[in-house]
Amino acid sequence: MQHKVVILGTGGTIAGVASEGASDLQYRAGMLGVDTLVAAVPALQGQPLESEQLAQLDSKDMTHAVWQQLGRRVHHHLVRPEVGGVVVTHGTDTMEETAWLLQRVLAPAKPVVITGAMRPASSRQADGPRNLADAVVLAQEPGAHGVLVVMGGVVHGAADVRKVHAHRIDAFSSGEVGPLGRLDDEGRFQRARAWPASDGLGIAVLDGDVGAWPTVEIVTSHAGASGALIEALARNGTRGLVIAATGNGSVHQAIELALERAAWADMAVMRATRCGDGAILEVEGASAAWPSAGALTPAKARVELMLRLLQASSA
Ligand code: SIN
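As the structure is a computational prediction, the values presented were derived from the model and not from experiment.

Participant: What is the right way to look at helix α7 (residues 298–314) in this model?
Facilitator: Given 3.6 residues per turn, any residue in an α-helix points the same way as the ones three and four places further on. With 17 residues, α7 extends 24 Å between its outermost C-alpha atoms, agreeing within 8% with the 24 Å of an ideal straight helix rising 1.5 Å per residue. Turning to α7, the residues buried within the fold contact α2 (64–78), α3 (95–106), β11 (216–220), β12 (240–245) and β13 (268–273).

Participant: How should the environment of V6 be read in this particular structure?
Facilitator: With respect to the helices and strands, V6 occurs in strand β1 (residues 4–11). Expressed as a C-alpha distance, the spacing of V6 and S313, which sit 307 residues apart in the sequence, is 32 Å. Not counting chain neighbours up to four residues away, the residues in contact with V6 comprise E50, H77, R80, V83, G85, V86 and V87.

Participant: Where do I start with the pattern of salt bridges in this structure?
Facilitator: It is possible for side chains bearing opposite charge to pair when their charged atoms get close. This structure, assessed with the given rule, holds 18 salt bridges. Note that D170 and R168 form a salt bridge whose closest N and O atoms lie 2.9 Å from each other. Ionic pairing is found between E304 and R308, a salt bridge with its closest N-O pair at 2.8 Å. Of this pair, E304 and R308 both sit in helix α7, 4 residues apart, which is roughly one turn of that helix.

Participant: Is there a simple way to explain the nonpolar core in this structure?
Facilitator: One broad trend across soluble globular proteins is that nonpolar side chains are buried collectively. Ranked by size, the top nonpolar core spans 46 residues in total, and within it V74, V86, L101, L102, V112, I114 and L307 carry the most contacts. Sort the elements by how many residues they give to this core and α3 lands first, with 7 residues. There are two domains that each give this core at least three residues, and those are domain 1 (4–191) and domain 2 (214–314). Not counting chain neighbours up to four residues away, the residues in contact with V112 comprise V74, L78, V86, V88, L102, G146, V147 and L148. By size, the runner-up hydrophobic cluster in this structure holds 26 residues, among which are V41, V87, V136 and L183.

Participant: What is the right way to look at the site of the ligand in this model?
Facilitator: Around the ligand, the structure places G12, T13, D58, S59, G91, T92, D93 and A117. Between the ligand and the protein, one listed contact pairs an oxygen atom with a side-chain N or O atom of T92 at 2.5 Å. Between D93 and the ligand, the recorded distance is 3.0 Å, taken from a backbone N or O atom to an oxygen atom. In the complex, the protein chains occlude 95% of the 250 Å² of accessible area that the ligand would expose alone. A breakdown of the residues in the shell around the ligand according to their chemical character gives 1 nonpolar, 5 polar and 2 charged.

Participant: Looking at this structure, how should I read the sheet that holds strand β4 (residues 111–115)?
Facilitator: Within a sheet, each strand pairs with its neighbour through backbone hydrogen bonds, oriented either parallel or antiparallel. In space, the 8 strands of this open sheet follow the order β2-β1-β3-β4-β5-β6-β9-β10, with mixed pairing throughout. Each of the sheet's edge strands pairs with one partner strand only, and the pair in question is β2 (49–57) and β10 (189–191). Averaged over all neighbouring strand pairs, the angle between strand axes comes to 25°, with direction disregarded. As judged from the 6 bridges shared by β1 and β2, these two strands associate in the parallel manner. Within β2, the residue paired with I7 across the bridge is S51. Relative to strand β5 (residues 146–151), α3 is tilted by about 160°, and along the sheet it contacts β4 and β5.

About the criteria used
- Residues numbered from 1 in each chain as written.
- Predicted model: local features only at pLDDT ≥ 70, side-chain atom pairs only at ≥ 80, totals over all residues.
- Heavy atoms only, no water.
- Helix = DSSP H or I, 4+ residues; strand = E, 2+ residues; numbered from the N terminus.
- Expected span 1.5 Å × (residues − 1).
- Contact = heavy atoms within 4.5 Å.
- Salt bridge = Lys/Arg side-chain N within 4 Å of Asp/Glu carboxyl O.
- Core = buried A, V, L, I, M, F, W, Y, C linked by side-chain atoms within 4.5 Å.
- Buried < 20%, exposed > 50% of the residue type's maximum accessible area, 1.4 Å probe, protein only.
- Domains from an automatic or database assignment.
- Near = heavy atom within 4 Å.
- Polar contact = N/O pair within 3.5 Å; in protein donor to acceptor, adjacent residues only side chain to side chain.
- Areas by Shrake-Rupley, 256 points an atom, 1.4 Å probe, with all protein chains shown as cover.
- Nonpolar A, V, L, I, M, F, W, Y, C, P; charged D, E, K, R; others polar.
- Pairing = 2+ DSSP bridges.
- Axes fitted to C-alpha atoms, helices over the stretch in contact; angles between N-to-C directions.

Everything listed is a geometric property; what it means functionally is a separate question.
In structure tokens:
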């Protein structure tokens, strides 16, 4: 018996519509309902699917409230024995952040597959229908688990995936570690690497009023940095700070000084490299005073630090 797949819609370009004559770059994201997206894919007709509209937004506007709701709904469906996997349709702009949030919270034993599109549903070359069909194949793949992202026939793990191009159709990469696998034009999956394993913090970490979730900000270390933002954030009660550090996790001395001066604020600090690829390798030096986020992008490191603070506050 084929297990059921639940598709949760959150908006994005995959549900986007352009006005007549507009280019593929000019459209409104999050216009079509998830049922309409499913109905547009011939390969999905007659499949054991359920769909649910969870949000309808441009993912640049993703909120913690939507993340909380999404985490809970994904968890709710995953524990149903008849459900084999969950698909989330999502805008591409913050897809990697949502992927890491769901992976760290749920570390699901069943596949949770996030997909989207670089071209709106109204485009003559819309990529959403194929991506959605691929996501359902993956959600039914025996042995698949964890949070996965599929775009353009390429399957990425939540830890590795990042958006690396502003508008090209092959906008996603797993960097130097490479993708987990690919789907061919017939929708057959070929695995390239082992499914990643990790521990989940548990859905309870997302409990509580999202308004009270710790604020975690990102500050970029760059030439001519002043550290002024650090001081402002410390005074503002910011609980966590990710430094988008240069190269192998190095931090401008003005920011280091500002962090030392702001020690009274007890902000948790984490360094993530602002390079598009490669994990920070630990070396001695002033910057090593703050833990590194390894290979996580600054945006994913922000999610990681926020979750760690949430976990610490609920302990
Ligand atoms: C969005 O992230 O919602 C808009 C952009 C996209 O999906 O490609």
